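# What the coordinates show
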Amino acid sequence: MKDVAARAGVSLGTVSNVLNRPDMVAERTRKRVVDAIAELGFVRNESARQLRGGTSRTLAYVVLDARNPFFTDVAAGAQQVADAAGLALFLCDGGEDRVRQAMYLDLLEQQRVEGILITPVDADDPRIAALAGRGTPVVVVDRGAGPDRCSVSVDDVLGGDLAVSHLLDAGHRRIAFVGGPRSIGQVEDRITGAQQALARADAEPLTLLETTRLDVAEGRRAGERLAGLPVSRRPTAAFCANDMLALGLLQQAVRLGLRVPEDLAIVGYDDIEFAAAAAVPLTSVAQPRQLLGRTAAELMLAEARHSVGHVHEQRVFEPELVVRDSTRLRPLGGVA
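Below you will find a few notes about this structure. On a predicted model such as this, the values are computed, not experimentally measured, just so you know. Every chain is numbered independently, its residues counted from 1 as its sequence is written. Two thresholds apply to this predicted model, a pLDDT of at least 70 for residue-level local features and 80 or more for giving and counting side-chain atom pairs, whereas whole-chain, interface and lining totals are computed over all residues. Heavy atoms from the whole structure form the basis of all side-chain values; hydrogens and water molecules are not counted.

This part covers the pattern of salt bridges. Working definition: two side chains of opposite charge can pair if their charged atoms are close together. In what follows, salt bridge is the name for a side-chain nitrogen of Lys or Arg lying within 4 Å of a carboxyl oxygen of Asp or Glu. Scanning the entire structure with this criterion turns up 23 salt bridges. When the shortest N-O distance is used, the salt bridge between R182 and E188 registers 2.9 Å. The partner of D263 in a salt bridge is R259, with the nearest N and O atoms 3.0 Å apart. Residue burial is assigned from relative accessible area. The probe radius is 1.4 Å, only protein chains are included, and a residue is buried under 20% of its type maximum, exposed over 50%, and partly exposed in between. Taking the relative accessible area as the measure of exposure, D263 reaches 25% and is therefore partly exposed. Looking at R259, the relative accessible area reads 48%, which means it is partly exposed. When salt bridges that share partners are traced, they join D65, R67, R213 and D215 into one network.

The next subject is the sheet that holds strand β8 (residues 237–240). By this definition, two strands are paired if DSSP reports at least two bridges between them. Put simply, DSSP H or I for four residues or longer makes a helix, DSSP E for two residues or longer makes a strand, and each gets a number counted from the N terminus. With respect to topology, six strands assemble into an open sheet ordered β7-β6-β8-β9-β10-β12, the strand pairing being mixed. At either end of the open sheet lies a strand with only one pairing partner, and these are β7 (207–210) and β12 (320–322). Strand after strand, the sheet turns through a mean of 20° between neighbouring axes, direction not considered. Two strands pair when backbone bridges link them, and strand β6 (residues 175–179) and β8 are joined in this way by four bridges, in the parallel orientation. Paired with V178 across the bridge in β8 is C240. Only heavy atoms enter the contact rule, under which two residues are in contact if any of them lie within 4.5 Å. Interaxial angles span 0 to 180 degrees and are taken between N-to-C directions of axes, which are lines fitted to C-alpha atoms, for helices over the stretch in contact. Together, β6, β8, β9 (265–270) and β10 (283–286) form the strand contacts of helix α11 (residues 243–255), whose direction differs from that of β9 by roughly 155°.

This brings us to the sheet that holds strand β5 (residues 150–154). Spatial ordering of the open sheet is given by β2-β1-β3-β4-β5-β11, a layout of six strands whose pairing is parallel. Looking at the sheet topology across the chains shown, the edges are occupied by β2 (88–93) and β11 (314–317). Shown here is a sheet whose adjacent strand axes are inclined to one another by a mean of 15°, direction ignored. Across four bridges, strand β1 (residues 58–63) lies against strand β3 (residues 115–118) in parallel orientation. Within β3, the residue paired with Y61 across the bridge is L117. The sheet contacts of helix α13 (residues 289–305) involve β1, β3, β4 (138–141), β5 and β11, and relative to β5 the element is tilted by about 170°.

In this section: unusual backbone geometry. A cis amide bond links G180 with the next residue in sequence, P181, at an omega value of 0°. Within the secondary structure layout, P181 lies in the loop between β6 and α9 (185–201). At the junction of V260 and P261, the peptide bond is cis and its omega measures out at 15° in the coordinates. Secondary-structure assignment places P261 in the loop between α11 and β9.

Given below as structure tokens:
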């Protein structure tokens, strides 16, 4: 920086302002400094800046499973806020693994990120509370949180209710739920909403086909299990915990000769781009994915930059049912 200052004929403080607060420097002076930086090939020592300032110019989002496009859509919303604030966004894949999630949280604290967004495998992981207690802002994404931290989420109980109410209105009385593990809060809430809808309709109990993960492969395996049930007990409709499971279920149903929706109606959750592009366009419960990401990042920055007097907020959005060909409506009583 001293070399840059000497080349541009300005003070060291002016070079610092050009790097950190360019709006405070006159355009002609700023250009001289930028030209000197280019001529000298100067690259700022970000590690040293972190040691002085206490944080890096980065945010991080620890996602539940990076293979699910839902989370990359949420990250795109967070990226918009990060870009506007002059920050980089790191995306970390928790892989539905508690140990891996813990490893990332430890690493991100060591890197002194400005704040962390997280869709947790385990919302009760003590590291999350410890991070906040040591001064790293944490915002929980796609899951509610208590009053001790900010969160953005969607009413998943309502989402489960919307999905199964739609299937009941289409005439189905034997309905399966595909998803798991139930230790994931979103899965449990969606089951609760599904059972709530069934209780109002006095329909048969929900058939639970629990999965070990929330991916396409598990959806295919659930399709095999469902197809193997006796026809007299086989559900005529399935509500899946997310679209990845629903797409796998749809693939396996078609492979086994089941017609969708004539033999099996399917509802997914998240309304990712692939839902509408499936061989049989998928009915899905839509979440405002980018809005979740933008709101989470805004709450995180508000806490990071105005920590004194900060009041934690828990924002809850409503889901919306998007009806497509995988659940063609039938008259009431028209059970397959």
